[in-house]
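Residue-level structure breakdown
Read off the chains here:
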Amino acid sequence: MKLSLYGALLSAVLMLYGCNSSDSSEQADAQAPIKPWQSWAESLSTREYNVTQGSVYMVDNAACDKLISVFGTCFGNNPAAPYLIPQLPVGETYVDPYYAYDFDATGPDGDRTNMFFRLGENDALVTIVNLPPKAAYMGYQTYLFSRDVSYYAALTSDPKTTPDPYRAEIFGSLGNDINNVVVQNGANIAWSGNAVVYITTPNQALADVLVADAASAGLQSQVIFTEPVGDITILGEDSNADEFITLIRYALPEDDTAADRWKASRDDNILVYRVSKNNLQFSPFATPEYTQKMTVDESEYNASLVELTTLLATHLQTSTGLPVVSKEMYTSELDMSTGELAGLVGQECIAKGTKCLGDNQDTDAYRFGYIGLLERDHSAIVTGVNHTLNDAATYVSLAVYNMAGFHGVASISQTNVGVTGYDKGYLTGSAEAVLRAYGLYESASQKLKEQLPILYASVVSRDCEASLGDYCVDINMTEVPLRWPLAITQRAYVKPGSTSGASPNALLSPYVIKINK
């Protein structure tokens, strides 16, 4: 790999005189697990592989501005979980001039990189990660972002295009997410102090030889996880080929300060390479099957959830003198009687040419509710089941969106302490706290009082009342002006005991209580 003269001199000085900074030594220790893998990846070029290094892009709430300026949307980003996006070297491959040029970056060796990329039959995206500090969730997943519209010419309805009128926007998953549970089960490692390797490729033969090569170098091949790019994809390097994007999600760390340090050093903690081997026979992967989701029956809480919703809706109407409506959130996904999934499911979207909004099977589904305009001194209330308390989820996230750009602006989350080992968030206890703050607790039935601990109530307001404490999310008018509508989603991540979200059929959907204007 190339090294600048300044970098070489600095390295020599540090080696000669040492470094007394405890921060520097701690950072070096934290990055140590990735070093043998970095050496291995860079040595592949001596064994008839073509290797170029890429870079990393982080999409947090602030970075949404750039995406919105190009696409008009931030694709429903989860404000509880910033996205770390590998930017693959694009070399001579086609880069869409309508939008992808805006995301060109430069790798450490001066190579052009981009988060939108194409793969040939003998290409692989190899991502090596120093695992971050402990969190509720981390996932790695590749999506088919766009496809040539001519592929869908026979469909009765036209696909939604990207800024390029010849490209259909799909943003659909290729298969299961490789999340922290998959990594822990497969490699018996978790979180900081370990490194993990992801190989995303359409060629099983290439994946196999890379794993064997690492093992022959004395590295632990069990920490390598292959993500198949199945045979529903169109491979190649020209404009007719499918375009991909890979997301690393990292949510609800136990220690925010340590997590921020890891993200700030992401260029050292996440190494990205395009690896190819031209003299290798193409052995395609079949299309992966999604993991069948486990069922958790929440029907016993339905009556109490409806009662809680009715009490709060009546209070909102009485206190404002305005008409109020309560609407159940709709679900983006269904589990058919056959065990197959339908709705916003990547492989279905790819087949039909429909938008999938970055679907993720690690959730039960995306539950979506529309709030609309939220005026001064007005509030909306979300009620639901705290799925972390009946082991239906490892963590639950409510995300508030500015719908002018489908841009996440706030979040309310809750961890499952029995799984994560730490309690973080403001859903637990919220239903009773909100009822008491509004003077409604004594109006609740005995059954509702008994089941309040497993329910939640979160207030979204322009002016949060002090009595609501942390159970209210204040939406300021600078970030979301009065003329821009709001919406809210619920994500319930990873059913404990499984590697994906719970079945969407059985979990109760939340309600959005809003002023009906």
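That block above? That's the structure.
Presented here is an overview of the structure given in this document. (Residues numbered from 1 in each chain as written. Predicted model: local features only at pLDDT ≥ 70, side-chain atom pairs only at ≥ 80, totals over all residues. Heavy atoms only, no water.)

A contiguous patch of negative charge on the surface is contributed by Asp 377, Asp 463, Glu 465 and Asp 474. Relative to the elements of secondary structure, Asp 474 occurs in strand β23 (residues 472–474). When its relative accessible area of 44% is taken as the criterion, Asp 474 is described as partly exposed. (Patch = residues over 30% accessible without salt bridge, like charges linked within 9 Å, V, L, I, M, F, W, Y side chains within 5 Å. Areas by Shrake-Rupley, 256 points an atom, 1.4 Å probe, with all protein chains shown as cover. Salt bridge = Lys/Arg side-chain N within 4 Å of Asp/Glu carboxyl O. Lys, Arg positive; Asp, Glu negative; His and termini not counted. Charge placed at Lys NZ, Arg CZ, Asp CG, Glu CD. Helix = DSSP H or I, 4+ residues; strand = E, 2+ residues; numbered from the N terminus. Buried < 20%, exposed > 50% of the residue type's maximum accessible area, 1.4 Å probe, protein only.)

Another aspect to go through is the packing of helix α9 (residues 302–320) against helix α12 (residues 430–437). Two elements in contact, α9 and α12, have axes whose closest approach is 11 Å; the angle formed by their N-to-C orientations is 30°. As far as their axial angle goes, α12 and α9 are roughly parallel. In the packing of α9 onto α12, the handedness of the crossing is left-handed. Residues Leu 308, Leu 311 and Leu 312 of α9 form the contact with α12, whose own contacting residues are Ala 431, Val 434 and Leu 435. A breakdown of the residues in the contact of α9 with α12 according to their chemical character gives 6 nonpolar, no polar and no charged. (Axes fitted to C-alpha atoms, helices over the stretch in contact; angles between N-to-C directions. Parallel < 35°, antiparallel > 145°, perpendicular 65-115°, else oblique. Left-handed = near helix turned anticlockwise from the far one by under 90°. Contact = heavy atoms within 4.5 Å. Nonpolar A, V, L, I, M, F, W, Y, C, P; charged D, E, K, R; others polar.)

The nonpolar side chains of soluble globular proteins are, as a tendency, buried together. Of all hydrophobic cores here, the largest spans 67 residues; its most connected members are Trp 37, Val 126, Ile 128, Tyr 198 and Leu 210. Among the elements that make up this core, the one with the highest residue count is strand β7 (residues 135–148) (6 residues). Contact partners of Trp 37, with chain neighbours within four places excluded, come to Ile 128, Ala 195, Val 197, Ala 214, Leu 219, Gln 220, Val 223 and Ile 224. (Core = buried A, V, L, I, M, F, W, Y, C linked by side-chain atoms within 4.5 Å.)

A few words on the side chain of Asp 148. Along the chain, Asp 148 falls in strand β7. Arg 167 is the oppositely charged side chain nearest to the buried, salt-bridge-free Asp 148, at an N-O distance of 4.7 Å. Among the polar contacts made by the side chain of Asp 148, one reaches the side chain of Ser 150 at a distance of 2.7 Å. Every residue in contact with Asp 148, bar those within four places of it in the chain, is listed here: Tyr 166, Arg 167, Ser 239 and Asn 240. (Polar contact = N/O pair within 3.5 Å; in protein donor to acceptor, adjacent residues only side chain to side chain.)

Read across the sheet, 5 strands follow the order β14-β25-β19-β22-β23 without closing on themselves; strand pairing throughout is mixed. Two strands in the sheet have a free side with no partner beyond their single neighbour: β14 (324–328) and β23. Here the strands of the sheet are splayed against their neighbours by 20° on average, with no regard to which way each runs. Note: strand β19 (residues 379–385) against strand β25 (residues 511–515), 3 bridges, orientation antiparallel. Bridged to Thr 383 within β25 is Tyr 511. Contacts from α9 reach β14, β19, β22 (455–461) and β25 within the one sheet, and its direction differs from that of β25 by about 10°. (Pairing = 2+ DSSP bridges.)

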